[in-house]
Amino acid sequence: METTDYTEELLTLSAYDGSAEAEELYTESLRRELSFHYDNNSMYRRFCDTKGFNPQEWDGDIEKIPPVAVSVFKDLGSRLSSVPADDIKMSLQSSATSGVPSTIMVDKITAKRQAKAMVRVMSEFIGKTRVPFLIMDIDPRAGGMARKMLGARFAAVTGYLKFASKTDYFLRTDDDGISHFDIHGINDFLSSLPAEQPVVVFGFTYILYQNVLRSIEESGEHIRLPEGSKIIHIGGWKKLESEKIDKSFFNRRLSEAFGIAPEDVIDIYGFTEQMGINFPDCPCGCKHTSSYVRVLARDVASKSVLPPGKEGMLEFISPVPHSYPGNAVLTDDIGIIESGECPYGRPGTRFRIVGRMK
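Residues numbered from 1 in each chain as written. Predicted model: local features only at pLDDT ≥ 70, side-chain atom pairs only at ≥ 80, totals over all residues. Heavy atoms only, no water.

Student: Can you explain the overall build of the protein chain? Please cite residues and give values.
Tutor: Looking only at helices and strands, the protein chain has 10 helices and 15 strands in total. In terms of overall dimensions, the protein chain is globule-like: its C-alpha atoms have a radius of gyration of 21 Å, near the 21 Å expected for 358 residues. The principal-axis extents of the C-alpha atoms in the protein chain amount to approximately 65 × 45 × 40 Å. When contacts within the protein chain are restricted to residue pairs at least 6 apart in sequence, those whose partners lie at least 24 apart make up 69%. Counting every atom, the protein chain has about 16300 Å² of accessible surface; 49% of that belongs to carbon and sulfur. (Helix = DSSP H or I, 4+ residues; strand = E, 2+ residues; numbered from the N terminus. Rg over C-alpha atoms; globule rule 2.2 N^0.38 Å. Contact = heavy atoms within 4.5 Å. Areas by Shrake-Rupley, 256 points an atom, 1.4 Å probe, with all protein chains shown as cover.)

Structure (structure tokens):
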């Protein structure tokens, strides 16, 4: 199918390829995906027509693509498919920390692209060799109440397990459904590994803070991860806003609790409407767009595109979604596009998340 060729080729490039070839592939694959949705999704076509936008006549300027707001996927997500119903492999929902969940309809093509994009980006940060993953969550194999408590977290965790050589889970639940961190269990697990074996500690940001970090600090116990280990956390900061937890403070406390450098604590930003497109923290303190996505900041009121340094709603543009029109999505996350080059030489637009729109 012609609409998939360019995106497939784009996904063979390295995650941070700043070449002219990468730019051309990105633009052409995006053009074909937007045209595909315009031709095969009546709601998206009406939306584009209302905005005076025709993908077949698009000149390559991403600022001219009308973005679909995340609220649309909350209201209409289950009906926003651009492929036949028989092609849908699964429907994914967001964790809905702020109310109604977003829904995206995923076919085989989209799922394959999501996996490729995720692997290429994450490999740049944790390497290509599989390592043991220490999951700071409930073991989904426990079933029953434990599996029910996981909810949408289970799908998010599963996507990262392709990087794991082996896994174990270290959040336990008692009969009342109260979760607690198993400090002795994690130390026993680490003791069973070769002394030089790096590991990845993985979990949701608020769980790492509320369940794991607090337990370690209150117990006085020590956990020392092998050299080269990383802590990866996802899920955003919304649940920690009331705690007034600063990222650098959070990273420093986690690094001290696990005996690793603060720069090895990696916060990953992503959202359901463009599943598979991930933005890990660079040591420069920003996140970078990969070869597969671009970012804009828009004024909250006028929706006009803002220059670097100005705070606005973040919009992400990617050709990865094929089964639903999630190629240009306006989030309700507030961020700033940073000017200047990365001191570590990583290409891509740099940006920071500063909060969620009230």
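Student: If you had to explain the sheet that holds strand S5 (residues 164-173) to someone new, which residues and values would you point to?
Tutor: With mixed pairing, seven strands are arranged side by side in an open sheet as S6-S5-S4-S7-S8-S9-S10. Two strands close off the open sheet at either side, each with one partner strand: strand S6 (179-181) and strand S10 (279-280). Taken together, the two bridges between strand S9 (residues 265-269) and S10 define a ladder with antiparallel strand orientation. When the sheet's bridge partners are listed, Tyr269 is paired in S10 with Phe279. Against the sheet, helix H5 (residues 108-126) touches strand S4 (131-138), strand S8 (230-234), S9 and S10, its axis set at about 145° to S8. (Pairing = 2+ DSSP bridges. Axes fitted to C-alpha atoms, helices over the stretch in contact; angles between N-to-C directions.)

Student: Can you lay out the pattern of salt bridges for me, pointing to particular residues and giving the numbers?
Tutor: Per the counting criterion, the structure on display carries 18 salt bridges. Linking Asp59 and Lys64 is a salt bridge whose minimum nitrogen-to-oxygen distance equals 2.5 Å. Judged by its relative accessible area of 49%, Asp59 falls in the partly exposed class. Residues Lys287 and Asp267 are paired through a salt bridge, measuring 3.3 Å at the closest nitrogen-oxygen approach. (Salt bridge = Lys/Arg side-chain N within 4 Å of Asp/Glu carboxyl O. Buried < 20%, exposed > 50% of the residue type's maximum accessible area, 1.4 Å probe, protein only.)

Student: Please set out helix H3 (residues 42-51) residue by residue, giving values where relevant.
Tutor: Two or three places before Met43, at the start of H3, stands the capping residue Asn41, its side-chain oxygen 3.2 Å from that residue's backbone nitrogen. Downstream of H3 by one or two residues, Gly52 has phi in the positive range, about 70°. (Polar contact = N/O pair within 3.5 Å; in protein donor to acceptor, adjacent residues only side chain to side chain.)

Student: Explain the pairing of strand S12 (residues 294-298) to me, and be specific about the residues and the numbers.
Tutor: Of all the five residues making up S12, five are buried; the element is thus mostly covered by neighbouring parts of the structure. The alternating pattern of S12 places Arg294, Leu296 and Arg298 on one face and Val295 and Ala297 on the opposite face, and all of these are buried. When S12 meets strand S13 (residues 311-317), the two strands line up antiparallel, connected through five bridges. Looking across to S13, one finds that Arg294 is bridged to Ile317.

Student: Provide a residue-level description of unusual backbone geometry, including the pertinent values.
Tutor: Residues other than glycine seldom take positive phi values, yet Lys303 does so here, at roughly 65°. Here Lys303 shows up in the loop between S12 and S13. Since its relative accessible area comes to 35%, Lys303 is described here as partly exposed.

Student: Give me the packing of aromatic side chains: which residues, what numbers.
Tutor: How two aromatic rings sit relative to each other is set out by the distance from centre to centre and by the angle between their planes. Using the criterion set out here, one finds 16 aromatic pairs in the structure. Here Phe279 and Phe351 contribute two aromatic rings whose centre-to-centre distance is 5.2 Å and whose plane-to-plane angle is 80°, an arrangement assigned as edge-to-face. Here Phe351 lies in strand S15 (residues 350-356) and Phe279 lies in strand S10, a separation of 72 residues in the sequence. For the residue pair Phe279 and Phe351, the accessibility class agrees, reading buried in each case. Grouped by ring-pair contacts, the aromatic residues Tyr269, Phe271, Phe279, Phe316 and Phe351 constitute a single cluster. In this structure, Arg294 packs its charged tip against the face of Tyr26, placed 3.8 Å from the ring centre. Here the basic side chain of Arg346 rests over the ring of Tyr16, its NZ or CZ set 5.2 Å away from the ring centre. (Phe/Tyr/Trp six-rings, centres within 6.5 Å; stacked < 30°, edge-to-face > 60°. Lys NZ or Arg CZ within 6 Å of the ring centre and 35° of its normal.)

Student: Give a detailed account of the pairing of S4, specifying residues and quantitative values.
Tutor: With eight of eight residues buried, S4 is to be regarded as a mostly interior element. Judged from the three bridges that link them, S4 and strand S7 (residues 200-204) form a sheet pairing that is parallel. Bridge pairing in S7 links Ile135 to Phe202.

Student: Provide a residue-level description of a negative patch on the surface, including the pertinent values.
Tutor: A contiguous patch of negative charge on the surface is contributed by Asp5, Glu9, Glu21 and Glu24. Going through the elements one at a time, helix H1 (2-10) and helix H2 (20-40) are the ones with two or more residues in the negative patch. Within the secondary structure, Asp5 is located in helix H1. (Patch = residues over 30% accessible without salt bridge, like charges linked within 9 Å, V, L, I, M, F, W, Y side chains within 5 Å. Lys, Arg positive; Asp, Glu negative; His and termini not counted. Charge placed at Lys NZ, Arg CZ, Asp CG, Glu CD.)

Student: Can you explain the packing of H2 against H3? Please cite residues and give values.
Tutor: Orientation of H2 relative to H3, taken along the N-to-C sense of each, is 110°, at an axis distance of 6 Å. Between H2 and H3, the angle falls in the class roughly perpendicular. Here Leu34, His37, Tyr38, Asp39 and Asn40 of H2 lie close against H3, whose contacting residues are Ser42, Tyr44, Arg45, Cys48 and Asp49. (Parallel < 35°, antiparallel > 145°, perpendicular 65-115°, else oblique.)

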